[in-house]
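One letter stands for each residue in the lines below.
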Amino acid sequence: MKIIDLSQIVSETSLVYPGGPEVELTQVESMERGARHNGEVIKADVHALTHIDAPGHQIRGGKMVQDYPLEKFAQQAFLIKLDGKKEIKKEDLEPYQDKIKKAGALLIRTGFDKIIERYEKDADFRQKTKISVNDLPQFSQDCAEWLSSFDNLELVGVDSLTVGNKIIHNAFLQKDILLVEGLFLEKAPENFVLYCFP
């Protein structure tokens, strides 16, 4: 069985949601300085890096990630590649309707994961690049509402840092469809089993 890691690397150079706090890594123990082991502290917003949004993220009193059985986080996934798309529209996904109906997780790759990867690795690119919320690929409202009508969907994932604004989030979360944001999907096949345990 081949396993592909779809998550971002934890790094102080990681691209975070515009306006969010940067990721911090602090070495608190070092064998080189006489400690018995090495130890680091990670300080990051829970919505930085690859992460899952549960209803409680946007809906008062909504379920949190820990309120779900682990089975929710292991789903047959279907990946749609929409390279270069800034807005994911209903008409982009309608041709895949029959395949979406057979999946527990729908994943969309826009190619934004390459920007995240370059930002992390390329200091010059980081220096010159300012990412705003408007630069992030997002679902249109009608697309989010259409997808939320699929009873089979448990998860929707994107390579963007967000699926969209509060209305877009709520279209999914009110239907108990969890959101996985910040995925690296370049190496993912079209059909596979997604494991995204919190």
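Higher on the page you've got the structure.
Residues numbered from 1 in each chain as written. Predicted model: local features only at pLDDT ≥ 70, side-chain atom pairs only at ≥ 80, totals over all residues. Heavy atoms only, no water.

Caption draft 1: Local environment of the overall build of the chain. If you tally the helices and strands in the chain, you get six helices and 10 strands. For the chain, the C-alpha radius of gyration of 18 Å lies close to 16 Å, the compact-globule estimate for 198 residues. If you line up the chain on its principal axes, its C-alpha atoms span 60 × 40 × 40 Å. Each of the 198 residues in the chain was classed as buried or not, and the buried ones make up 45%. Contacts in the chain between residues at least 24 apart in sequence constitute 70% of all its contacts with a sequence separation of at least 6. Put simply, the chain shows about 11,000 Å² of open surface, and 49% of that area lies on carbon and sulfur atoms. One way to put it: in the chain the 25 positive side-chain charges average out to a point 2 Å from where the 32 negative ones average out. (Helix = DSSP H or I, 4+ residues; strand = E, 2+ residues; numbered from the N terminus. Rg over C-alpha atoms; globule rule 2.2 N^0.38 Å. Buried < 20%, exposed > 50% of the residue type's maximum accessible area, 1.4 Å probe, protein only. Contact = heavy atoms within 4.5 Å. Areas by Shrake-Rupley, 256 points an atom, 1.4 Å probe, with all protein chains shown as cover. Lys, Arg positive; Asp, Glu negative; His and termini not counted. Charge placed at Lys NZ, Arg CZ, Asp CG, Glu CD.)

Caption draft 2: The pairing of strand β4 (residues 74-81), seen in detail. For β4 and strand β10 (residues 191-195), the ladder comprises five bridges, and the chain directions are antiparallel. Its bridge partner being in β10, phenylalanine 78 is matched across the sheet by asparagine 191. Two elements, β4 and strand β6 (residues 105-109), share five bridges in a ladder whose sense is parallel. From the neighbouring strand, leucine 79 faces β6, where its bridge partner is leucine 107. (Pairing = 2+ DSSP bridges.)

Caption draft 3: View of the sheet that holds β4. Strand order in the open sheet formed by six strands is β3-β9-β8-β6-β4-β10, and the pairing between neighbours is mixed. The open sheet is flanked by β3 (51-53) and β10, the only strands paired with a single partner. With direction set aside, neighbouring strand axes in the sheet form an average angle of 30°. (Axes fitted to C-alpha atoms, helices over the stretch in contact; angles between N-to-C directions.)

Caption draft 4: Just a negative patch on the surface, in detail. On the surface, Glu12, Glu22, Glu24 and Glu40 cluster together to form a negatively charged patch. Along the chain, glutamate 12 falls in the segment before β1 (24-29). (Patch = residues over 30% accessible without salt bridge, like charges linked within 9 Å, V, L, I, M, F, W, Y side chains within 5 Å. Salt bridge = Lys/Arg side-chain N within 4 Å of Asp/Glu carboxyl O.)

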